[in-house]
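Chain residues, written in single-letter form:
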Amino acid sequence: MKRTVLALAAATALAVSGCAANANSNSNSSAKEDAGDTLVAAYSEGGKTLDPAEANDVTSDTFVVAAYDQLVTYARTEDGGKPKAKTDQIVPMLAESWKASANNTSYTFKLRADAKFQDGAPVTADAVVKSFDHIKASSSASFLYKMAGIAKVTKVDEQNVKIDLTAPNHLFLQILPMYSFSIIDMDKVAQNGGAKWLATNTAGSGPYKITKWDPSTEAAMARNDSYWGDKPKLGQVNVKFIAEASNRVQLLKKGEVGLALEVPPKDVQSLKAADGVMIDSRAGNKILFFAMNNKIKPFDDPRVRQAVSYAIPYDKLLNDVMKGQASPMKSSVASSTPGFSDAGYTYTHDLDKARALLAQAGLPQGFSFDFTLGSGFDDWNDDAVLIQAELAKIGVKMNIKKMARPQFLEALETKKVQAYITRWTSFVNDPGYHLGLLLTSQGSSNYANFSDPVVDKAWQQAATEPDLAKRNKLYGAAQQEINVKAPWAYLYEYNIVVAHRAGLDGYTSYPDGIVRFFQLSVTK
């Protein structure tokens, strides 16, 4: 892998030098000195922003994780001999230690004395306070600020920061490692014009400097040789943005890229058989569901939603569409999430039960409805066609209306789409985070308008319950109620699939699906 990947990397470096880099273009890169440690990766798209508080797509998040640190981070463990994130265990990062008050409503973080931003400025308590102010004011991450229950962030002294909460909140420490809570050199941002500059440049203390970012073609990052932590083994990472999955697959087979994301399930078997290619496929907490708008007829009747759930051809979706790269979904919460419960889940492919439920709901002849299909994912299209065919067998006509992804996302936010498929990954692997966003009455991403007093009450009680067993019992009760009321038909849980050349070591699977390049090395 090394020889072919490095050849392309060298060509890429020459191309980069002849282009106008737009991300930290004046940064000194160690790429030339460390050319033997270069990796080329293939992503499907180039991302939208480098601002940590506004990033919300995998590519943007990847660059933010490379360029920034947070106060704390997730621990790592091993599962079957492979590295895996342990998101319920929080370990130091820019904060070397922290102390909670007796009632768990305030935390004081002590900063490392040796941490510096990439231009050499020290990471200070002032920078932490200003970074949190930036998050609070953002359009994308401010909901996390609220979900963490943060009331006030204050400087104690140059090395200590105090964060007061509105109430005890078990999610607080789990939310802090998210890339949205990156610590930014906000003085540098202000000197360069503010948030607009931050959208295309970085001001972090992380292990990599983003030296080029052109979302239409490619990006490059170079090792931060002054990094306070363990130095990344890869000196240079070049990222190619290749929309066509078949092209990413072919480049990987040829050894012209060392790592590829978003590999279609249909290509996994052929890649496994390809010389020098390795597949890392593991269960994740990314889910896919068929949502029915609970405020639009006939889906305001739970019997109709249950009928649809009984009509889903689950085995066909898993085998014919996902080719074994997914597993059954039996709760609104992924089965890998602590606190998962499938109580109340009864749905199998049973058209007789579906017909009986429609008759009970006063729709023995079926009905017609509009289904909005967002573009961009082949499995969604295949799933929709299979579901449409099954619903037709019980007299239900599903009118598929295709929509470009940006318009699809805008339509969901209106909460007026009658039915749709969408996927979701909870970066904080906790039922409180997941249900709070998606299925409580006030959830910002509750696009299906599900509202249930049992779920709301259980979620509110769990938020302040310090005992884990009692908390999970409450979350279990909420899941059972959701399973019975069926605001969604559960389709499947995705595997996180990363394809790479043999000799690439250190890949760690995280629930957010983001590759941490600073953990990787090339051994042959």
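Criteria and cut-off values
- Residues numbered from 1 in each chain as written.
- Predicted model: local features only at pLDDT ≥ 70, side-chain atom pairs only at ≥ 80, totals over all residues.
- Heavy atoms only, no water.
- Helix = DSSP H or I, 4+ residues; strand = E, 2+ residues; numbered from the N terminus.
- Rg over C-alpha atoms; globule rule 2.2 N^0.38 Å.
- Buried < 20%, exposed > 50% of the residue type's maximum accessible area, 1.4 Å probe, protein only.
- Contact = heavy atoms within 4.5 Å.
- Areas by Shrake-Rupley, 256 points an atom, 1.4 Å probe, with all protein chains shown as cover.
- Lys, Arg positive; Asp, Glu negative; His and termini not counted.
- Charge placed at Lys NZ, Arg CZ, Asp CG, Glu CD.
- Core = buried A, V, L, I, M, F, W, Y, C linked by side-chain atoms within 4.5 Å.
- Pairing = 2+ DSSP bridges.
- Axes fitted to C-alpha atoms, helices over the stretch in contact; angles between N-to-C directions.
- Phe/Tyr/Trp six-rings, centres within 6.5 Å; stacked < 30°, edge-to-face > 60°.
- Polar contact = N/O pair within 3.5 Å; in protein donor to acceptor, adjacent residues only side chain to side chain.
- Expected span 1.5 Å × (residues − 1).
- Salt bridge = Lys/Arg side-chain N within 4 Å of Asp/Glu carboxyl O.
- pLDDT = per-residue confidence, 0-100.

On a plain count of helices and strands, the protein chain comes out with 17 helices and 19 strands. Taken against the 2.2 N^0.38 rule, which gives 24 Å for 524 residues, the C-alpha radius of gyration of the protein chain at 24 Å falls within 12% of a compact globule. For the protein chain, the spread of C-alpha atoms along the principal axes amounts to about 70 × 60 × 45 Å. When the 524 residues of the protein chain are sorted by exposure, 57% land in the buried category. Considering only contacts within the protein chain whose residues lie at least 6 apart along the sequence, 71% involve residues at least 24 apart. Counting only carbon and sulfur atoms, one obtains 50% of the accessible surface of the protein chain, whose full area is about 21400 Å². For the protein chain, the distance from the average site of its 58 positive side-chain charges to the average site of its 56 negative ones is 1 Å.

Moving on: the nonpolar core. Membership of the largest hydrophobic core comes to 150 residues, with the highest contact counts inside it found for Phe132 and Phe290. With eight residues, the top contributor of residues to this core is strand S17 (residues 488-501).

Our next topic: the sheet that holds strand S4 (residues 95-100). Overall, antiparallel pairing links the four strands, which are arranged S4-S5-S7-S6 in an open sheet. At either margin of the open sheet sits one strand with a lone partner, and together these are S4 and strand S6 (150-157). Neighbouring strand axes in the sheet, compared pairwise and without regard to direction, differ in orientation by 20° on average. Judged from the five bridges that link them, strand S5 (residues 106-111) and strand S7 (residues 160-165) form a sheet pairing that is antiparallel.

Remark: the centre distance and the inter-plane angle together describe each pair of aromatic rings, the angle taken between the planes. Per the counting criterion, the structure on display carries 22 aromatic pairs. The interplanar angle of 10° and the centroid separation of 3.6 Å between the aromatic rings of Phe289 and Trp488 together place this pair among those described as stacked. Here the residue Phe289 occupies a position in strand S12 (residues 277-292), and Trp488 occupies one in strand S17, the gap between them amounting to 199 residues. Each member of the pair, Phe289 together with Trp488, is buried.

With eight of 10 residues buried, helix H10 (residues 302-311) lies mostly within the body of the structure. Of the residues making up H10, those classed as buried are Val304, Arg305, Gln306, Ala307, Val308, Ser309, Tyr310 and Ala311. Against the buried residues of H10 lie S12, helix H11 (314-321), helix H12 (351-360), helix H13 (378-392), helix H17 (468-485) and S17. Two or three places before Arg303, at the start of H10, stands the capping residue Asp301, its side-chain oxygen 2.8 Å from that residue's backbone nitrogen.

The end-to-end C-alpha separation of helix H3 (residues 125-137) is 19 Å, in line with the 18 Å expected for 13 residues at 1.5 Å each. Considered for burial, the residues of H3 that qualify are Ala125, Ala127, Val128, Val129, Ser131, Phe132, His134 and Ile135. Looking at the buried positions of H3, the neighbouring elements they touch are S5, helix H4 (142-147), S6, S7, helix H6 (186-191) and helix H7 (195-198).

To continue, consider unusual backbone geometry. Residues other than glycine predominantly adopt negative phi, and peptide bonds predominantly adopt the trans conformation. Cis peptide bonds are those with omega within 30 degrees of zero, and the linkage from Lys297 to Pro298 qualifies with 0°. Mapped onto the elements, Pro298 comes out in the loop between S12 and H10. Notably, Asn104 is not glycine yet its phi reads approximately 60°, a positive angle. One can find Asn104 in the loop between S4 and S5.

Next up on the list: the pairing of strand S3 (residues 82-92). Pairing between strand S2 (residues 72-79) and S3: eight bridges, direction antiparallel. The partner of Thr73 across the bridge, within S3, is Val91. Connecting the antiparallel pair S2 and S3 is a turn made up of two residues, with Gly80 showing a positive phi of about 65°.

So, on to the environment of Phe518. Of note, Phe518 is situated in the loop between strand S18 (504-505) and strand S19 (521-522). Take Phe518: its relative accessible area is 27%, and that puts it in the partly exposed class. For the pair Phe518 and Ser331, spaced 187 residues apart in the sequence, the C-alpha separation amounts to 35 Å. In contact with Phe518, other than residues within four places in its own chain, are Val65, Pro207, Tyr208, Pro232 and Lys233.

Take Gln479: it is sitting in helix H17. At a separation of 2.8 Å, a polar atom in the side chain of Gln479 contacts the side chain of Ser331. In this view, Gln479 contacts Ser331, Ser332, Val333, Gly339, Phe340, Ser341 and Ala343; residues no more than four positions away in its chain are not counted.

So, on to the pattern of salt bridges. Considering all chains together, one arrives at 20 salt bridges under this definition. Among the salt bridges present, the one from Asp79 reaches Lys84, with a minimum N-O distance of 3.6 Å. Judged by its relative accessible area of 35%, Lys84 is partly exposed. A salt bridge links Asp164 to Lys162; the shortest N-O distance between them is 3.8 Å. Taken together, the shared-partner salt bridges in this structure form one network comprising Asp126, Lys155 and Glu158.

Side-chain positions along a regular strand alternate between the two faces of the sheet. As judged from the five bridges shared by S4 and S5, these two strands associate in the antiparallel manner. Each residue of the ladder has a partner; that of Ala100, found in S5, is Tyr107. Two successive antiparallel strands, S4 and S5, enclose a turn made up of five residues, where Asn104 displays a positive phi of approximately 60°.

Looking now at the confidence of the model for the protein chain. Per-residue pLDDT for the protein chain has a mean of 91; in total, 93% of the residues score no lower than 70. Contacts for the low-pLDDT stretch residues 1-21, under 50 throughout, to residues beyond four places or in other chains number 33 contacts. Per-residue pLDDT stays below 50 along residues 26-35; that stretch engages in 13 contacts with residues further than four places along the chain or on separate chains.

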